[in-house]
Amino acid sequence: MSKYNVDLKQLDLPHIDNLIRQFWEERDIFKKSVDQRPKSNSFVFFEGPPSANGKPGIHHVMGRTVKDIFCRFHTMQGKRVERKGGWDTHGLPIELSVEKELGITKEDIGIKISVDEYNRMCRKTVMQYKDIWDDITRKMGYWVDLEHPYITFNNEYIESVWWLLGQLYKKQLLYKGYTIQPYSPAAGTGLSSHELNQPGCYKDVTDTTVVAQFLAKPDSLPTFLQGLGDIHLLAWTTTPWTLPSNTALTVGPKIDYVLVKTYNPYTFKAIQVILAKSLVGAQFTEKRFRHAESEEDLLSYQSTDKKIPYSVLQEFKGEALIGIRYEQLLPYALPYQHPENAFRVIGGAFVTTEDGTGIVHTAPTFGADDAKVAREAVPEVPPMLVLDENGNPVPLVDLQGRFRADLKDIGGKYVKNEYYKANEAPERSVDVEISIKLKEENKAFNVEKYVHNYPHCWRTDKPVLYYPLDSWFIQSTAMKDKMIELNKTINWKPAHTGEKRFGNWLENLNDWNLSRSRYWGIPLPIWRTEDTTEELCIESVAHLKAEVAKANEKLGLSQSVPEDLHRPYIDDVVLVSDSGVAMYREKDVIDVWFDSGSMPYAQWHYPMENRDNIDKGLSFPADFIAEGVDQTRGWFFTLHAIASMVFGSVAFKNVISNGLVLDKEGAKMSKRWNNVVDPFETIETYGADATRWYMISNAQPWDNLKFNVDGIDEVRRKFFGTLFNTYSFFALYANIDAFAYQEKPVPLAERQEIDRWIISLLNTLVKEVEAEYSDYEPTNASRKIMTFVDEHLSNWYVRLCRRRFWKGEYSQDKVAAYQTLYDCLNTIAKLSAPIAPMFTDWLYQSLNGGTQLEPQESVHLVDFPKADPASIDKALEQRMDYAQRISSLVLSIRKKENLRVRQPLSKIMLPILDTEFINQIDSVKELILSEVNVKEIEYITDTDGFISKKAKANFKTLGKRLGKHMKEGARLIQEMDQTAIRSLEKNEQFDIEIEGEKYTLIPEDIEIFFDEVPGWQVATDRDIVVALDISLTDDLIAEGIARELVNRIQNIRKIKEFDVTDKIRVHIEAHDIIHDAIGKFSDYIKSEVLAVDITMDEAEAGEVVEITDTVSLRVFVEKA
RNA sequence: AGUCCCGUAGCUCAGCUGGUUAGAGCACUACACUGAUAAUGUAGGGGUCGGCGGUUCAAGUCCGCCCGAGACUACCA
């Protein structure tokens, strides 16, 4: 005979975790849960690959809980949900951690250590925390296929990525360009815009800024500026180190500029300067300058004067300045090409007058806008490129961020002090040195510190440089419209992340910089001839093999395709062009983000294998993905971009972007603040389920979570504790009665009102929870389940029904109670399984262990419950609500009158509005009476003359009709007397008049409720009024005492640890106060405490027990 | 600098398309209850719904501005 599991005396979630985890592993439940569903009915999920070179944090538990919930839910909905795990293995983070470990820099690679060795080291390092990741995955109960993960460094994966690049190449979406890009000298690589958009990259920094004076060449000035003496153009820069590379100044053709006569604040020399009219006030600050009153005033200036006078001489459009030539500001070098076209004023539409001077210092080698405007000028303004020792054109700053050695005083210095090794940075940065130099040479108009936002490298944390680089791009801008259009079909949770954040990002899309001049990554599969006229994009290993054979033949080589497709082996492969010329691989590796964006295809080695997965849509696009909001421009974008460009499809249909996990104060978790929560510790202390449930129920996944372990404990107590207690209660009595659900389900009609009520609520709950899960609203689902378990099942159903379980014969009613409670618990286990997979599996197995009702060995193999609409009875739910509220009201009167519930009372009086109400209350009458220990309910109707009604306006219906008379109308309605209300009820209409306007009220315009009833002990709650008769008779008192006795005897039983089924004998010290009680209620007492007899004697062996406030007696209890 | 999101009790959060006493849980206080007991019930205190202005008969809810927190965008010199 099987029994319900009662092994656990107390709820111990970590213990249950262990049991269930072991069970899953032994029985291979995860695999079964996937395999039992047909391939044809799939729910596609993509697992975003984490990088195993960092340890998992508590936020990973959050993200993975969200993923797990929907995968489990859809599995229970009959779907096949394959979840291939994956690892992100390439990229800068790994390379940098290896460099650090080896104590080398990028320059040493290929010299101190071979590329081969270096890459082998990367391959090893990248998986260093894999075991810890696998461990947290298991411990938190996240189901993902860890045995067959995709790994981005595998040849198959690389081959798929090549194929994708090949498709882009064929669509002519790959191009090579020389552009100014964000570049990290410390990391030695260019950065893509999504790398620059990683959180925390933009930081406020204080830089030395200069407003420089560029001396115009007199003969190039427009006629209206000629013959006035020296004229300087003022231009502002936040990067003085770029001034040696200045080759132009840009003005806005339509902007108004002025010529100002004043003195240089450092040299006190008289000067004339040009700047934008609207920025005169910003440059000539009141602190240091003043308007000159007259020509004499201006001329009379002495360097000892406090304020410098200035005077505006002329005004003109920027247009007029174009073509002016100026003396090179810092003549360190000259452009190697067309130096005669440098150092002149050009026009540019991007110039604004928001800050600076309205004249933009233009260094085409270090600014994207600068390069563009310089190229567009006629004739083209040359960038400041010089020839190096090999005759190649290079900028004045090298790839390490250092000035070229041959640049006199600044040669060999880093342009930013941050690039020096610790403690090696000079006191004065190059920016400061240049500023001082300019001041001394009467070339600086203003030097000051300025705080602005500047991008930093996401890995090295050092400032980014904008630098000219030759690299490969994906022309994503060409597919922008398609991406925008497809995005509109995606269901984003929350919606605004998709519409606004992601949508705006797509609107402002830039081309995707693919190139990384690094070693550990997927090699760019493009080969070129040395003169760059011919090129080839390889799109598979087979393709490469064929090309290698061709090259071997034509060039007389004996190469083979390398076993490992990484550098350096792939670099050695030489191919041959159509014209028979050798081609060499472009040295770059690709952006790692392309790796992860390729996973929908590359995880299946598409198209070399598993073609149907993509072509027939078996595994593409995803029905669902989830990651943190920080991935909006990361993985979410790369998935979307590749799918849009290569397949013209979305990559995912539903996406949750979850918020951050903060500490309990709302601060970011960081090692520096020592507020990082260890996920292992949390799970081991509180259990995975409580942790998961807390995270989901406390806040919506997309809101930031203020993580507080106190909240987990609360969830454990309130939800899991209550559910566990309810189960334990059930199991205790079901085992005693040997209830094993052998009987046919008792028809609903034959069950008690309260059974039908909880079943109705349960079915409503099933319906709602299914809708919430389907709508990707796990928080609402969890909260609804909690309310049901806590308020309805435990605190009402079980509380009221307790006696049915422990009293009486094994009747149909008892069976009905068992069946009802069993069904509730079993259904809750299933509804909650996606969120709390371990406890619910324990609960399901414990229940099913007593009945063998369901063949599935785990809750994760069953189908999600279906709501039965026929069981939902809204009128019944309403009635029970009345019963709960009436009971509460009676208890509150008892409390006020100091009448304990054990003392029976004679009657409740209930004023009622209509007979329908009587019917409703009648069917729940018994529940109320037993709950509050009262003998009967008496209904008081209108005609009894006790009741006075009050009316209140219904604003919703009246507001529109009465308009501004609403306030007055509400007052009139409140003042309606009994006859007026009665008249409205009878005639179904009633006229009121406000300021001459007549309005006809109909019944729905007012709400009627009861006034206080004078002279009664009453309590009210909205539309219900309850009065209680508190007079006591001798019988009532005796019964009260009898109940007190029962209570005391029960306590003694418990102290003595009798079994709940033990029969007893009771001896009570004789006393008047109990004489009546025992005389009249001995049968009752005996049956309550399972006594075979009760005797009044000395009870000498008994203990003294307080019976009432004034009487204490000896009571002795022994086993019969 | 711009865009987006958020601001409701000491804490964590509800509050639907505007409708009249702004809710729940936790915490706190008091009293009960106790054959579910590291639970439970009842009662109580605690809110100018971030601020100001507007629309409306009516605003926590809609609009504008401001303050505060956050995320994101941006080479704007």
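Everything below is about the structure shown above.
Note that residues are indexed from 1 along each chain, following the sequence as it is written. Note on labels: chains are lettered from A, ligands numbered from 1, in written order. Local features in this predicted model are restricted to residues whose pLDDT is 70 or higher, and side-chain atom pairs enter the listing and the counts only when it is 80 or higher, whereas totals over whole chains, interfaces and linings include all residues. Note: side-chain values were computed over all heavy atoms of the structure, leaving out hydrogens and water.

Colleague: A description of helix α5 (residues 115-125) should follow, citing residues and the corresponding values.
Modeller: Burial classes follow relative accessibility: with a 1.4 Å probe on protein chains only, a residue under 20% of its type's maximum area counts as buried, one over 50% as exposed, and anything between as partly exposed. Helical segments are the DSSP runs of H or I of at least four residues, strand segments are the runs of E of at least two, and each set is numbered from the N terminus. Along α5, the residues that are buried comprise V115, Y118, N119, M121, C122 and T125. An end-on view of α5 places all buried positions within 155 degrees of arc, on one side of the element. Along α5, exposed side chains directed more than 90 degrees from the buried face belong to R120 and K124. Two residues qualify as a contact provided that any one of their heavy atoms is within 4.5 Å of a heavy atom in the partner residue. Buried residues belonging to α5 abut α4 (92-102). Taking the helix axis as origin, the arc is that swept by the directions to the C-beta atoms.

Colleague: I'd love a proper account of the sheet that holds strand β24 (residues 582-585), names of residues and values included.
Modeller: Strands in a sheet are paired, the pairing made by backbone hydrogen bonds, and the direction either parallel or antiparallel. Between any two strands, pairing holds if DSSP finds at least two bridges. The strand order across the open sheet formed by 4 strands is β22-β21-β24-β23, and the pairing between neighbours is antiparallel. Only two strands of the sheet have a single neighbouring strand rather than two, namely β22 (535-537) and β23 (575-576). As paired strands, β23 and β24 are joined by 2 bridges and run antiparallel to one another. Bridge pairing in β24 links V576 to A582.

Colleague: Account for the pattern of salt bridges, with residues named and values stated.
Modeller: Pairing between side chains of opposite charge can happen when the charged atoms of each approach one another. Salt bridge, as used here, is a side-chain nitrogen of Lys or Arg placed within 4 Å of a carboxyl oxygen of Asp or Glu. Evaluated as defined, the whole model comprises 60 salt bridges. Close ionic contact of K416 with D207 constitutes a salt bridge, the shortest N to O distance being 3.9 Å. Of the two residues, K416 is situated in the loop between β15 (393-395) and α12 (430-440) and D207 in strand β5 (residues 202-215); the sequence distance between them amounts to 209 residues. Comparing K416 with D207 shows no difference in burial state: the two are buried. With its nearest N and O atoms 3.8 Å apart, the salt bridge here joins K1080 to D1076. Here K1080 and its partner D1076 are both found in helix α33 (residues 1072-1089), 4 residues apart, which amounts to about one turn of the helix.

Colleague: Summarise the pairing of strand β33 (residues 990-994); cite the residues concerned and give the values.
Modeller: Working note: regular strand, side chains alternate between the two faces of the sheet. Bridge count for β33 against strand β34 (residues 997-1001) is 5 bridges, and the pairing is antiparallel. Residue pairing in the sheet places E993 in a bridge with K998 of β34. The turn linking β33 back onto β34 is made up of 2 residues, and E995 within it adopts a positive phi angle of 45 degrees.

Colleague: Account for the side chain of H74, with residues named and values stated.
Modeller: Assignment of secondary structure puts H74 in helix α3 (residues 58-76). Setting aside anything within four residues of it in sequence, one finds H74 in contact with F43, K79, V81 and Y776.

Colleague: I'd love a proper account of helix α21 (residues 688-698), names of residues and values included.
Modeller: Buried residues dominate α21, accounting for 10 of its 11 residues. Turning to α21, its buried residues number three or more, namely A688, D689, A690, T691, R692, W693, Y694, M695, I696 and S697.

Colleague: I'd like a rundown of the packing of helix α27 (residues 874-897) against helix α28 (residues 915-932), residues and numbers included.
Modeller: All axes are obtained by fitting lines to C-alpha atoms, using only the stretch in contact for helices, and the reported angles, taken between N-to-C directions, cover 0 to 180 degrees. α28 packs onto α27 with a crossing angle of 45 degrees between their chain directions and a minimal axis gap of 9 Å. One way to sum up the angle between α27 and α28 is to call them oblique. In this structure, the crossing between α27 and α28 has a hand that is right-handed. On α28, the residues touching A875, Q878, R879, M880, Y882, A883, I886, S887, V890, L891 and R894 of α27 are F917, Q920, I921, S923, V924, L927, I928, E931 and V932. Each residue receives one of three labels: charged for Asp, Glu, Lys and Arg, nonpolar for Ala, Val, Leu, Ile, Met, Phe, Trp, Tyr, Cys and Pro, and polar for the others, Gly being one of them. When its residues are assigned to classes, the contact of α27 with α28 shows 13 nonpolar, 4 polar and 3 charged. Roughly parallel refers to an angle under 35 degrees, roughly antiparallel to one over 145, roughly perpendicular to one between 65 and 115, and oblique to any angle outside these ranges. By convention the crossing between two helices is left-handed if the near helix lies anticlockwise of the far one by an angle smaller than a right angle, and right-handed if it lies clockwise.

Colleague: Mind laying out a nonpolar patch on the surface, listing which residues take part and the relevant values?
Modeller: A surface patch of nonpolar side chains, about 230 Å² in accessible area, is lined by L732, I736 and V1060. Examined against the element boundaries, V1060 turns out to sit in the loop between α32 (1034-1055) and β38 (1064-1069). Patch membership requires over 30% relative accessible area and the absence of a salt bridge. Like charges are linked within 9 Å, and nonpolar side chains (Val, Leu, Ile, Met, Phe, Trp, Tyr) within 5 Å. All accessibility values rest on the Shrake-Rupley procedure with a 1.4 Å probe; residue burial counts only the protein chains present in the view.

Colleague: Help me get a handle on the protein's contact with RNA strand B, residues and values and all.
Modeller: By convention in these notes, a residue is near a molecule or strand provided one of its non-hydrogen atoms lies within 4 Å of it. Neighbouring RNA strand B are 65 residues; W236, E354, R902, F955 and Q1050 lie closest to it. Of all atoms in RNA strand B that approach within 4 Å of the protein, 57% are sugar or phosphate atoms. Whenever two N or O atoms come within 3.5 Å, that pair is a polar contact, provided that in protein one can donate a hydrogen and the other can accept it, and provided that, for residues adjacent in sequence, both atoms are side-chain atoms. R501 has a polar side-chain atom sitting 2.5 Å from a sugar or linking oxygen of RNA strand B. S794 places a polar main-chain atom, nitrogen or oxygen, 2.4 Å from a base nitrogen of RNA strand B. Along the lines of polarity and charge, the residues of the surface near RNA strand B split into 20 nonpolar, 22 polar and 23 charged.

Colleague: Residues and numbers for the packing of aromatic side chains, please.
Modeller: Only Phe, Tyr and Trp rings take part, Trp by its six-membered ring, and two of them pair if their centres are within 6.5 Å. Stacked means planes under 30 degrees apart, edge-to-face means over 60, and tilted covers everything else. The tally for this structure, following the rule as stated, stands at 61 aromatic pairs. Measuring from ring centre to ring centre gives 5.4 Å for W163 and Y606, while their planes differ by 90 degrees; the resulting arrangement is edge-to-face. Highlighted residues: W163 in helix α7 (residues 155-170) and Y606 in the loop between α17 (599-602) and α18 (611-615), separated in sequence by 443 residues. Of the two residues examined, W163 and Y606, each falls in the buried class. With 5.5 Å between their ring centres and 45 degrees between their planes, F739 and Y741 make a pair best called tilted. Given a relative accessible area of 1%, F739 falls into the buried group. Here Y741 falls in the buried class, since its relative accessible area comes to 9%. Aromatic rings pair up to connect Y4, F729, F730, Y733, F739, Y741, F805, Y818 and Y822 into one cluster. If you follow R72 out to its NZ or CZ, it ends over the ring of W143, 3.9 Å from the centre. Either the NZ atom of lysine or the CZ atom of arginine qualifies as a charge over a ring when it sits within 6 Å of the ring centre and within 35 degrees of the ring normal.

Colleague: Could you give an account of unusual backbone geometry, with specific residues and numbers?
Modeller: In this structure, P494 follows K493 across a cis peptide bond, with omega equal to -5 degrees. Tracing the backbone shows P494 in the loop between β18 (491-493) and α14 (495-507). With omega at -10 degrees, the peptide bond leading from F620 into P621 counts as cis. Along the chain, P621 turns up in the loop between α18 and β26 (622-628). Phi angles above zero are rare outside glycine, and N610 is one such case at about 50 degrees.

Colleague: Residue-level account of the environment of V386, with values.
Modeller: Within the secondary structure, V386 is located in strand β14 (residues 385-387). V386 has contacts with A333, L334, Y336, N392, P393, V394, L396 and R404, leaving out every residue within four places of it along the chain.

Colleague: I'd like a rundown of the environment of I1064, residues and numbers included.
Modeller: Relative to the assigned elements, I1064 resides in strand β38. In sequence terms I1064 and A1120 are 56 residues apart; their C-alpha atoms lie 4.4 Å from each other. Apart from residues no more than four positions distant in its own chain, I1064 is found in contact with I1049, R1053, F1058, V1089, L1090, A1091, V1092, D1093, V1117, E1118, K1119 and A1120.

Colleague: Would you mind going over the side chain of T250 in detail, with residue names and values included?
Modeller: Within the secondary structure, T250 is located in strand β7 (residues 248-251). Take T250: its relative accessible area is 0%, and that puts it in the buried class. Among the polar contacts made by the side chain of T250, one reaches the side chain of T362 at a distance of 2.7 Å. The residues touching T250, leaving out its near neighbours within four places in the chain, are I346, G347, G348, F350, V351, G358, I359, V360, T362 and V373.

Colleague: Please provide a residue-by-residue account of the sheet that holds strand β27 (residues 652-658), values included.
Modeller: An order of β18-β27-β26 is seen for the 3 strands of this open sheet, with the pairing classed as parallel. A strand with exactly one partner marks an edge of an open sheet, and here the two such strands are β18 and β26. Adjacent strand axes in the sheet meet at a mean angle of 15 degrees, parallel and antiparallel pairs treated alike. Bridge count between β18 and β27: 3 bridges; the pairing is parallel. Its bridge partner being in β27, N491 is matched across the sheet by N654. Sheet strands touched by α14: β18 and β27. Its angle to β18, the strand with the most contacts, is close to 105 degrees.

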